[in-house]
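Coordinate analysis (summary)
What follows is each chain in one-letter form.
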Amino acid sequence: MRISDVVRRKGDLVVTVRPDDTVERLLELLEEHRIGALVVSEDGEGVAGIVSERDVVRHLHSDGPAILQESVSAIMTSEVTTCDFDMHIEDLARVMTDLRIRHVPVVVEGKLMAIVSIGDVVKNRIDELQAERDQLVGYIQQ
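The sections below set out a description of the structure shown in this document.

What counts, and where the lines are drawn
Residue numbers here run from 1 along each chain, matching the order of that chain's written sequence. In keeping with the model being predicted, local features are shown solely for residues with a pLDDT of at least 70 and side-chain atom pairs are shown and tallied solely at 80 or more, while totals for entire chains, interfaces and linings include all residues. To obtain the side-chain values, all non-hydrogen atoms of the structure were used and water was disregarded. Under the DSSP-based scheme used, a helix requires at least four consecutive residues in state H or I and a strand at least two consecutive residues in state E, with every element numbered from the N terminus. Helix span, as expected, comes to 1.5 Å for every residue beyond the first. Classification of residues uses two cut-offs on accessible area relative to the type maximum, computed with a 1.4 Å probe and protein chains only: under 20% is buried, over 50% is exposed, and between them is partly exposed. A pair of strands is labelled paired if DSSP reports no fewer than 2 bridges between them. Whether two residues touch is decided by their heavy atoms; if any such pair falls within 4.5 Å, the residues are in contact. Working convention: axes come from line fits to C-alpha atoms, limited for helices to the stretch in contact. Angles between N-to-C directions cover 0 to 180 degrees. Patch membership requires more than 30% relative accessible area and the absence of a salt bridge. Residues of like charge join within 9 Å; the nonpolar side chains Val, Leu, Ile, Met, Phe, Trp and Tyr join within 5 Å. Only the protein chains shown count as cover for residues, and the accessible areas themselves come from Shrake-Rupley with a 1.4 Å probe. For this document, the term salt bridge refers to a Lys or Arg side-chain nitrogen within 4 Å of an Asp or Glu carboxyl oxygen.

1. Notes on helix α5 (residues 118-140)
Taking 1.5 Å per residue as the helical rise, α5 with its 23 residues ought to reach 33 Å, and the 33 Å between its terminal C-alpha atoms agrees with that figure. Buried residues of α5: Asp120, Val121 and Asn124, and no others.

Below, the structure is given as structure tokens:
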């Protein structure tokens, strides 16, 4: 299965935040959309970085509550691991596990197209296992 199959199932909505938005605004968007990370983008198409709830927690611990008024660019990860629609989901799962990341933007020709989370990868695997189980049960009951 490829990333394109996962995106087709889950949809391609990507919530972004601008690098100059405040961390407080970032938190509002995370809560509003009930998600764990946002792609940082000037125009909603390019990828300037990624920022997660983990980044906020780390900076709250080290910098205190003043970080809430700082810009997202102060806490984002600038070197973003991305994938494209043709990547196999097993390969992405390995990358996510090895790098200990939970969100990977899907980028095609420099344009942000979707985002895949570790939850999407796990859901896909559970669905595959359920389908295999159902086939085996059907075979046994024949």
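Picking up where we left off.
2. Focus: the sheet that holds strand β1 (residues 16-17)
Overall, mixed pairing links the three strands, which are arranged β1-β2-β3 in an open sheet. Edge positions in the sheet fall to β1 and β3 (49-52), since each of these pairs with one other strand and no more. In this structure, strand β2 (residues 37-40) lies alongside β3, joined through four bridges in antiparallel fashion. Bridge pairing in β3 places Ala37 opposite Ser52. Packed onto the sheet, helix α2 (residues 23-33) meets β1, β2 and β3 and runs at close to 125° relative to β2.

3. What to know about a nonpolar patch on the surface
Taken together, Ile118, Val122 and Ile126 make up a surface patch of nonpolar side chains, about 230 Å² in accessible area. Along the chain, Val122 turns up in helix α5.

4. Notes on the pattern of salt bridges
With the rule as written, the count across this model stands at twelve salt bridges. The partner of Glu53 in a salt bridge is Arg102, and the shortest N-O contact between them spans 3.7 Å. Of this pair, Glu53 sits in helix α3 (residues 53-63) while Arg102 is found in the loop between α4 (89-99) and β4 (103-108), placing the two residues 49 residues apart along the sequence. Of the residues examined, Glu53 reaches a relative accessible area of 36% and is grouped as partly exposed. A relative accessible area of 26% places Arg102 in the partly exposed class. Across the salt bridge formed by Asp127 and Lys123, the nearest N and O atoms sit 2.9 Å from each other. With Asp127 and Lys123 both in helix α5 and four residues apart, this pair spans about one turn of that helix.

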